[in-house]
Amino acid sequence: METSNKNNLARLEILIAVLIAIISITIAIVTWRTTMVSSRAGEASRMGILDTVKKESFVNENWRLVYQEAGYAGIHAIYTAEVEAMETSGDALLMEQARNLRLYLLPNLELLAGEIVTDPDYKNPDGTYNLEERYNSLSTSDPILGNIDPETSFRLAEQYHSEQRWLTVTLVMLATSLFWLALAEIGGKRFRLLTLVLGCGVFGLALVQLAVVEVY
């Protein structure tokens, strides 16, 4: 009978040792996984910041171009009005100057002003220019700006951060399980069984949570 008890005790100790080894390996794997997820979260956040900077740069450049075109469009409008006045003045000298201005100056100003002058869609009924519409057109036609989406990177980073938090909770549960099993090694028979059950129960819950985190 005593020999049987000793054998049962030995088997129990071996079981506890094996469980401790398994949990220790699981902790190492989850720690590695947490580190990897944290790295991915940082990379996604960095990409989100870079995309935000890129997007702001393209937005600023497009607005700069719009205001530049608007400036040349204003000069074009002034010289157009001046040329029209010269052409109707009846003065031969002024009419010749108007011809030269219409032949050389106005076409160059049109090139500098771009579509904001040549495309009537950008001109308001009162003669002003629709700068918002011109900006929207530039932004829509820009393939690089269309492919930049910082929010996607930030959402991905948040997902990784959420996964990291749950993995950290799993690590705490695994450490708790390891603690109870360590107590099972040094406790009396009844206490040993109780702590073994607690340790295995917490370990089981940790595995379930880990599976849920990895799947969802």
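Values in this document were obtained by computation on a predicted structure and should not be read as measured data.

Criteria and thresholds
Residues numbered from 1 in each chain as written. Predicted model: local features only at pLDDT ≥ 70, side-chain atom pairs only at ≥ 80, totals over all residues. Heavy atoms only, no water. Salt bridge = Lys/Arg side-chain N within 4 Å of Asp/Glu carboxyl O. Helix = DSSP H or I, 4+ residues; strand = E, 2+ residues; numbered from the N terminus. Buried < 20%, exposed > 50% of the residue type's maximum accessible area, 1.4 Å probe, protein only. Expected span 1.5 Å × (residues − 1). Bend = angle between axes of the 7 residues up to and from the residue. Polar contact = N/O pair within 3.5 Å; in protein donor to acceptor, adjacent residues only side chain to side chain. Core = buried A, V, L, I, M, F, W, Y, C linked by side-chain atoms within 4.5 Å.

Enquirer: Looking at this model, I keep getting lost on the pattern of salt bridges. Mind explaining?
Expert: It is possible for side chains bearing opposite charge to pair when their charged atoms get close. All told, the structure shown has nine salt bridges when counted by the stated rule. Residue glutamate 214 pairs with arginine 33 through a salt bridge whose shortest N-O separation is 3.1 Å. Separated by 181 residues along the polypeptide, glutamate 214 in helix H7 (residues 189-215) and arginine 33 in helix H1 (residues 2-87) bring together distant segments of the chain. We classify glutamate 214 as partly exposed; its relative accessible area is 36%. Glutamate 87 serves as the salt-bridge partner of arginine 102, at 2.8 Å between the closest nitrogen and oxygen.

Enquirer: Explain helix H2 (residues 92-113) to me, please; I cannot follow it from the model alone.
Expert: Count 3.6 residues to each turn of an α-helix, and residues three or four apart come out pointing the same way. Between its terminal C-alpha atoms H2 stretches 30 Å, which fits the 32 Å expected from 22 residues at 1.5 Å a residue. The largest bend along H2 reaches roughly 40 degrees and is located at arginine 102. Three or more residues of H2 are buried, namely Ala98, Leu106, Leu109 and Ala113. Structurally, the start of H2 carries an N-cap: the backbone nitrogen of leucine 93 is 2.8 Å from a side-chain oxygen of aspartate 91. One or two positions beyond H2, positive phi appears at glycine 114, with a value near 75 degrees.

Enquirer: Where do I start with the nonpolar core in this structure?
Expert: A general tendency of soluble globular proteins is for nonpolar side chains to be buried together. Counting 23 residues, the largest nonpolar core has Ile16, Ile23, Leu167, Leu174, Leu181 and Leu196 as its most contacted members. Of all the secondary structure elements, the ones that give two or more residues to this core are H1, helix H6 (150-186) and H7. Counting residues per element, this core draws most heavily on H1, at ten residues. If you look at the next biggest cluster of nonpolar residues, it comprises six residues, including Ala70, Ala113, Ile116 and Tyr122.

Purely spatial values, then, with no claim about function.
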